[in-house]
Amino acid sequence: GIRRMALASGVGAAVIRSGQFHEEDWAHLSAGMRKSKDSPLWIYDRSAVTLDELVGVARKWKHTYGIKALFVDYAQRITVKGADRITEVAQVARGLKNLARDLQIPVITLAQVVKGVDTRPDKRPHAGDLANSDELTREADQILMLYRDDVYNRDSPAPGIVEVLIEKNRHGPTGYKSFRFVPETMAFEDINRAPGQ
């Protein structure tokens, strides 16, 4: 909720969390609440969600609300009863792909990368760095990786810039795009626009 309000209002998440508002923040918060109140967004916030449970909820939401996309945070958190870790993640990858096809909506899921990324000279992650399963790489239509140089280098020549690395794109080109990242509100902005627009 705090992240959603920060994005909608432009008021920093830390400010919202602490309650240390400036006078002008109230108008921004109010406008942000009005804007986000009518957004068709449903959140299923449970720990240790099973694949069967996720599929059931997604099908219900598609039937009841006509959802246009499903976002999952994150693939390796979904469990499959009786499966070892590698098999579990593989079944989750196939299950999410089948769900996307059955419901005819995009299923966008976050995924962890292996720790070894931080030990390389070039810390940009690659599709092969996805943790626990090659199946995630095989099943995905698109794989996008994020890289911020200023996380690793204090004297980065590109502070506040995030690279979205298009590692796989079944129906188009690969490459990368750069965006401005605003940590206060966790927003991604067009690098060609003035900040905050």
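Residues numbered from 1 in each chain as written. Predicted model: local features only at pLDDT ≥ 70, side-chain atom pairs only at ≥ 80, totals over all residues. Heavy atoms only, no water.

Caption draft 1: Representation of the overall build of the chain within the structure. For the chain, the helix and strand inventory stands at 7 helices and 6 strands. For the chain, the sequential pattern of α-helices and β-strands runs α-α-α-α-β-α-β-α-β-α-β-β-β. Over its C-alpha atoms, taken along the principal directions, the chain stretches across nearly 55 × 45 × 30 Å. For the chain, the residues scored as buried account for 37% of the 197 residues in total. A sequence separation of at least 24 residues applies to 46% of the contacts in the chain between residues at least 6 apart. If you sum the accessible surface of the chain, you get close to 13000 Å²; carbon and sulfur atoms cover 52% of it. Between the centroid of the 29 positive side chains of the chain and the centroid of its 26 negative side chains there is a distance of 5 Å. (Helix = DSSP H or I, 4+ residues; strand = E, 2+ residues; numbered from the N terminus. Buried < 20%, exposed > 50% of the residue type's maximum accessible area, 1.4 Å probe, protein only. Contact = heavy atoms within 4.5 Å. Areas by Shrake-Rupley, 256 points an atom, 1.4 Å probe, with all protein chains shown as cover. Lys, Arg positive; Asp, Glu negative; His and termini not counted. Charge placed at Lys NZ, Arg CZ, Asp CG, Glu CD.)

Caption draft 2: Region of interest: the nonpolar core. Residues Leu54, Leu70, Val72, Ile78, Leu96 and Leu99 are the most contacted members of the largest nonpolar core, which totals 17 residues. Contributing elements (two or more residues each) for this core: α4 (51-65), β1 (70-72) and α5 (85-103). Here leucine 54 is in contact with Val49, Leu70, Val72, Ile78 and Leu96, once residues within four sequence places are set aside. Among the nonpolar cores identified, the runner-up in size contains 11 residues, and Ala93, Leu130, Ala140 and Met145 belong to it. (Core = buried A, V, L, I, M, F, W, Y, C linked by side-chain atoms within 4.5 Å.)

Caption draft 3: Seen up close, the sheet that holds strand β4 (residues 161-169). Ordered in space as β3-β4-β5-β6, the 4 strands form an open sheet in which the pairing is antiparallel. A strand with exactly one partner marks an edge of an open sheet, and here the two such strands are β3 (142-147) and β6 (187-190). When strand polarity is set aside, the average angle formed by the axes of neighbouring strands in this sheet is 40 degrees. For strand β5 (residues 175-182) and β6, the ladder comprises 4 bridges, and the chain directions are antiparallel. (Pairing = 2+ DSSP bridges. Axes fitted to C-alpha atoms, helices over the stretch in contact; angles between N-to-C directions.)

Caption draft 4: A look at the packing of aromatic side chains. In the structure shown here, the tally under the stated rule is 5 aromatic pairs. Measuring from ring centre to ring centre gives 4.6 Å for phenylalanine 21 and tryptophan 26, while their planes differ by 55 degrees; the resulting arrangement is tilted. Given a relative accessible area of 49%, tryptophan 26 falls into the partly exposed group. (Phe/Tyr/Trp six-rings, centres within 6.5 Å; stacked < 30°, edge-to-face > 60°.)

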